[in-house]
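Listed below are the residues making up each chain.
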Amino acid sequence: SSGINAEWPLRPGFGYGTFVLYLSMIPQKILSMLEFVGIHGNMDEGLQILTEGEASGGLTADLCALVLLHFNMMICNFVRIPIDEELTDKLLTKYTTRYSQSVIFSLLAGKRCMTLQDAAAASRIYEEALNRNCGEWPFMRFTLHLELTWSSLAQGKWEEAVYHAKVQYEESNRSRTFFAYLQMICHDKWRPSDVEEAVRLAKLVPTHQLTIAGKHLHIEKYSIRKARSYLANGHHLFCPVYECLYFFGLTSCVDRGRRSIMIREIQDAITAIDSQPNYPGYQVDDKCLGRLLLADLYRLDGDVSAAKAELETLLQSEDSLQMDHMISPFAHFELGYILAEEGKRNLARAHFDTACNYSSKVKSFTLEDTLLMKVTTHLNRLERQMVLRSQ
């Protein structure tokens, strides 16, 4: 019929747009091989196709809106590229009104509050959505508890974070390793004197490790390494909650007041390293981690020169890192990101390439999936900008 024929072109548009959009974030070497058989990734093209599909009001309009909101609310914030705020707010207003009882759109509305650094409002939205879900959708219930953990940490509500992390650990049928670790560090922040419970949780962390296709998940290896370090170094870790927020790209969701508290705590922790002759940990590693966290917070506060100074000081010690080798490629990414924002594309690319190829320098290091996505996205953006400039 004419109605079916009118809708049909939108179907491949939705699938193709999604495919092209997310494919644009894979490494360029892999993308070049795919282009040989006619497959390509292009972020701008994918976003345009999905925006047109949503605006058409066709059968796939709602799905196009979901992908656009997911990309802007979750991916953009994580890989650190600008959010289309006008489009996002328009879609959220439209679809939260149309589907007022939808848990998915409520989740995305909460993520929008997080990007606006209003973690309290996000928590209220997540709680309301959790009450509506009532256990009928286990995956969404699990996701809401995860988001409530992050929003609680962003507000400094450690007890609430412990509760939600505990629910995830008890109900997860996936990576219980990470959620045991998350519960441990939240508990340690909430009740630092209750070492016995933190030790119990740290010992649980390696007992749940999964193997997928013969490989261990990066997040699980990270959690186990940190838990073992906690047990071996006098029940001490360097600002693990703030480290976790950073590695999941959530420091940008913390308001300025909380960031000031974080900066003071990290500065005090760095000072304490020098003042303790028998420091219970790896001094160089912890100092470098502190400088990485401070650089991120300074950048968010607009003090780019202070951020660059911290990163440059950190990189002077990168060859002395003993355990946390991942700090170095993250520092190169941060410096590359700042230089790219300043328009120094060649210098930025050099730091991004160093982060990508760090495993050739430290053979035991495997580039974290999270960092690989960030570096790849920005390398591809630099490529597109250079092409446009040449044209």
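As shown above, the structure is provided for reference.
So, a few notes on the structure that sits alongside this text. (Residues numbered from 1 in each chain as written. Predicted model: local features only at pLDDT ≥ 70, side-chain atom pairs only at ≥ 80, totals over all residues. Heavy atoms only, no water.)

**Considerations on the packing of helix α5 (residues 61-79) against helix α7 (residues 103-115)**
As a packed pair, α5 and α7 sit with axes 10 Å apart at the nearest point and diverge in direction by 35 degrees. The interaxial crossing formed by α5 with α7 has left-handed handedness. Between α5 and α7, the residues in contact are L66, L69, H70, M73, M74 and N77 and I104, F105, L107, L108, K111, R112 and T115, respectively. Grouping the amino acids of the contact of α5 with α7 by side-chain chemistry returns eight nonpolar, three polar and two charged. (Axes fitted to C-alpha atoms, helices over the stretch in contact; angles between N-to-C directions. Helix = DSSP H or I, 4+ residues; strand = E, 2+ residues; numbered from the N terminus. Left-handed = near helix turned anticlockwise from the far one by under 90°. Contact = heavy atoms within 4.5 Å. Nonpolar A, V, L, I, M, F, W, Y, C, P; charged D, E, K, R; others polar.)

**A closer look at the packing of aromatic side chains**
The full count for this structure, using the stated rule, is 15 aromatic pairs. For the pair Y95 and F105, a centre-to-centre distance of 5.4 Å together with 10 degrees between the ring planes defines the contact as stacked. On the criterion of sequence distance, the pair formed by Y95 in helix α6 (residues 85-98) and F105 in helix α7 is long-range, its members being 10 residues apart. The exposure classification of Y95 matches that of F105, with both residues buried. The interplanar angle of 90 degrees and the centroid separation of 5.1 Å between the aromatic rings of F142 and F179 together place this pair among those described as edge-to-face. Placement of F142 in helix α9 (residues 138-155) and of F179 in helix α11 (residues 176-190) is noted, with a sequence separation of 37 residues between them. Relative accessible area serves as the criterion here: at 7%, F179 is assigned to the buried category. Within the aromatic cluster, the residues linked to one another by ring pairs are F142, W150, F178, F179 and F248. (Phe/Tyr/Trp six-rings, centres within 6.5 Å; stacked < 30°, edge-to-face > 60°. Buried < 20%, exposed > 50% of the residue type's maximum accessible area, 1.4 Å probe, protein only.)

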